[in-house]
Amino acid sequence: LEKHHATLEERLDYLEKALGDSSDKHTRELEVLKAAHQKVAAEHKSKEQSHGQVADRLTQLQREKEDLHARHLSLGERVDYLEKLLVESAEKHTQEIEKFKAKHAKDLDASASKMQSHHAGLQERLEYLESKIGDSAAKFTKELSNMHAKMQELHGKLQDEKNHREEKLLHITGHIRDQVSGEQKTREEQHASIE
């Protein structure tokens, strides 16, 4: 029994040791599992937040799409309204232009008749003025020709007078030069005789 008892004690030690080792191993595995669980929980929370942000953005985009759609519908209505106004305005302007053309044609006919009678009076006055201007131009040409001839005659006389004075000046200058030369010669002779 003792032998068996020792074996029982050994077996108990062995079992305690195995259980202790197993407990330590389980504790380590439990810590690893807790850490893995926390990591997964954090990732799950992050993904939930990200999913929430994506959902918010999706909602915002949906609202923007609805706003654009509503504006697009109102834009179409506005274009239809503008087209209607444009057609009405074009029709109104066409009618006014036709009225203006008819009035203009009537006024033009009346004005043409008035101008026809006025033109006859103007024609006579123009012919009278042309004859007076023609007479005046002929008279002016004749006077201009006479004045030109007189100026040429005067120019000739001035040229003759200029030539005559230049000759006289040359003659007087030559005479003075001769006198000065003669007096100089006389002084030199007197001066030579005094020495």
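Structure's up top.
Residues numbered from 1 in each chain as written. Predicted model: local features only at pLDDT ≥ 70, side-chain atom pairs only at ≥ 80, totals over all residues. Heavy atoms only, no water.

1. Re the overall build of the protein
Part 1 of the argument: Broken down by element type, the protein carries one helix and zero strands.
Part 2 of the argument: Expected size for 195 residues packed as a compact globule is a radius of gyration near 16 Å; at 68 Å, the protein overshoots this value by more than 25%.
Part 3 of the argument: Dimensions along the principal axes, computed over C-alpha positions, put the protein at roughly 195 × 110 × 15 Å.
Part 4 of the argument: Within the protein, the proportion of its 195 residues that are buried is 0%.
Part 5 of the argument: For the protein, the accessible surface area stands at approximately 19100 Å², while carbon and sulfur atoms represent 59% of it. (Helix = DSSP H or I, 4+ residues; strand = E, 2+ residues; numbered from the N terminus. Rg over C-alpha atoms; globule rule 2.2 N^0.38 Å. Buried < 20%, exposed > 50% of the residue type's maximum accessible area, 1.4 Å probe, protein only. Areas by Shrake-Rupley, 256 points an atom, 1.4 Å probe, with all protein chains shown as cover.)

2. A closer look at the pattern of salt bridges
Any two side chains of opposite charge can pair, given that their charged atoms come close.
Part 1 of the argument: Tallied over the entire structure, the rule returns three salt bridges.
Part 2 of the argument: Across the salt bridge formed by E153 and K157, the nearest N and O atoms sit 3.5 Å from each other. Remark: K157 and E153 occur in helix α1 (residues 2–194); sequence separation between them is four residues, near one turn of the helix.
Part 3 of the argument: Look at K157 and you get exposed, because its relative accessible area is 53%. (Salt bridge = Lys/Arg side-chain N within 4 Å of Asp/Glu carboxyl O.)

3. A short note on the environment of E91
Part 1 of the argument: On the secondary structure map, E91 appears in helix α1.
Part 2 of the argument: By relative accessible area, which is 48% here, E91 ends up partly exposed.

4. Some remarks on a nonpolar patch on the surface
Part 1 of the argument: Among the surface-exposed residues, Y81, L82 and L85 lie close enough to one another that they form a single nonpolar patch of about 310 Å² accessible area.
Part 2 of the argument: Within the element layout of this structure, L85 appears in helix α1.
Part 3 of the argument: Overall, L85 belongs to the partly exposed group, its relative accessible area being 35%. (Patch = residues over 30% accessible without salt bridge, like charges linked within 9 Å, V, L, I, M, F, W, Y side chains within 5 Å.)

5. Describing a negative patch on the surface
Part 1 of the argument: On the surface, a cluster of negative charge is made up of E9, E10, D13 and E16.
Part 2 of the argument: Examined against the element boundaries, E9 turns out to sit in helix α1.
Part 3 of the argument: According to the relative accessible area criterion, E9 is partly exposed, its value standing at 47%. (Lys, Arg positive; Asp, Glu negative; His and termini not counted. Charge placed at Lys NZ, Arg CZ, Asp CG, Glu CD.)

6. Examining the environment of H175
Part 1 of the argument: Within the secondary structure, H175 is located in helix α1.
Part 2 of the argument: Along the primary structure H175 and I194 are separated by 19 residues, whereas in three dimensions their C-alpha atoms are 28 Å apart.

7. Concerning the environment of A41
Part 1 of the argument: Relative to the assigned elements, A41 resides in helix α1.
Part 2 of the argument: Relative accessible area serves as the criterion here: at 37%, A41 is assigned to the partly exposed category.
Part 3 of the argument: Expressed as a C-alpha distance, the spacing of A41 and A137, which sit 96 residues apart in the sequence, is 119 Å.

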